[in-house]
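Coordinate analysis (summary)
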Amino acid sequence: MGRAFEYRKATKLKRWGHMAKTFTRLGKQIAIAVKAAGPEPENNPALRSVIAVCKRENMPKDNIERAIKNAMGKDQSDYKSVTYEGYGPHGVAVFVDTLTDNTTRTVADVRSVFNKFNGNMGTTGSLAFLFDHKCVFTFRKKADMDMDDFILEMIDCGVEEDWEEDEEEGTITIYGEPTGYNAIQKKLEADGFEDVGGEFTYIPNDLKDVTPEQRETINKMIEKLEEFDDVQTVYTNMKPEED
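In this text, all values refer to a predicted model and were calculated from it rather than measured experimentally.

**So, the environment of Lys142**
Structurally, the position occupied by Lys142 is in the loop between strand E4 (131-140) and helix H6 (147-154). A residue is classified by how much of its surface remains accessible, and Lys142, at 36% relative accessible area, is partly exposed. Sequence spacing of Lys142 and Ile172 is 30 residues, and the spatial spacing of their C-alpha atoms is 9.4 Å. Excluding its chain neighbours within four sequence positions, the residues that come into contact with Lys142 are Asp191, Gly192 and Phe193. Among the polar contacts made by the side chain of Lys142, one reaches the main-chain carbonyl oxygen of Asp191 at a distance of 2.3 Å.

**Focus on helix H7 (residues 181-190)**
Within the span of H7, buried status applies to Tyr181, Ile184, Gln185 and Leu188. The arc enclosing the buried residues of H7, seen along the axis, measures out at 95 degrees, which places them on a common side. For H7, the exposed residues set more than 90 degrees away from the buried face come down to Asn182, Lys186 and Ala190. Residues of H7 that are buried in the fold lie against helix H3 (45-56), E4, H6, strand E5 (159-166), strand E6 (171-176) and strand E7 (197-204).

**Focus: the sheet that holds strand E3 (residues 120-121)**
Pairing is antiparallel in the open sheet, where 4 strands are placed in the order E3-E1-E2-E8. Among the strands making up the open sheet, the edge pair consists of E3 and strand E8 (231-236). Sheet topology places strand E2 (residues 93-100) next to E8; 5 bridges connect them, and they run antiparallel. Considered in E8, the bridge of Val96 is made with Val234. Contacting strand E1 (80-87), E2 and E3, helix H5 (residues 103-116) runs over the sheet at an angle of about 20 degrees to E1.

**Quick word on the environment of Val96**
Topologically, Val96 is positioned in strand E2. Overall, the relative accessible area of 0% leaves Val96 in the buried class. Here Val96 is in contact with Val82, Thr83, Tyr84, Val110, Phe114, Leu225, Val231, Thr233 and Val234, once residues within four sequence places are set aside.

Cut-off values and rules
- Residues numbered from 1 in each chain as written.
- Predicted model: local features only at pLDDT ≥ 70, side-chain atom pairs only at ≥ 80, totals over all residues.
- Heavy atoms only, no water.
- Helix = DSSP H or I, 4+ residues; strand = E, 2+ residues; numbered from the N terminus.
- Buried < 20%, exposed > 50% of the residue type's maximum accessible area, 1.4 Å probe, protein only.
- Contact = heavy atoms within 4.5 Å.
- Polar contact = N/O pair within 3.5 Å; in protein donor to acceptor, adjacent residues only side chain to side chain.
- Arc of directions from axis to C-beta.
- Pairing = 2+ DSSP bridges.
- Axes fitted to C-alpha atoms, helices over the stretch in contact; angles between N-to-C directions.

Written out as structure tokens, the structure is:
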């Protein structure tokens, strides 16, 4: 397995805090998918993908249906995906993915946390060289599935050679370039894989060593950022803590 797998494995614990925050994050993703292509999952690949992620996160069916219904309301605001980046304490690079209906509010909130922890926000793209932007898909593994043949077949869609298996859940996770998201999802669904859920992620390519005290400060910054409803996910290049 390669770097993407090892980093994902080391950071497998969710960073979204309480379950309610996870549901808020997924509700916004549902709203974006519905606004883009309608409320019917069978006609909306993006919505199907989000619903699969919702199921994996144990989001109740009633919550999913309510989020779809709310997204159809005339007074629903349009969310925008905005990423903020900069350096946090001790020179650790920080990416903050947000979904917001008020960028003025969101950038002020994010900037306040950077300032509180003596960090510096940068311009969009200034830290792109430190991270690889990837799409990641998780789906149920088929019986007697030959992963070598499967990966070879998926390479034309932009899938990487590295993959992850969760034997307890019976799922496979694969990675690819963001531009290949639609092609990968279409191929997986056409091949009959179940509960295909896709997301985007940032994987650091240069991990930074920190002391236990420095890690504690950086984690506090992450926790403060995650308190904002607009924040979806926080990524850093801090080296994962060893077990």
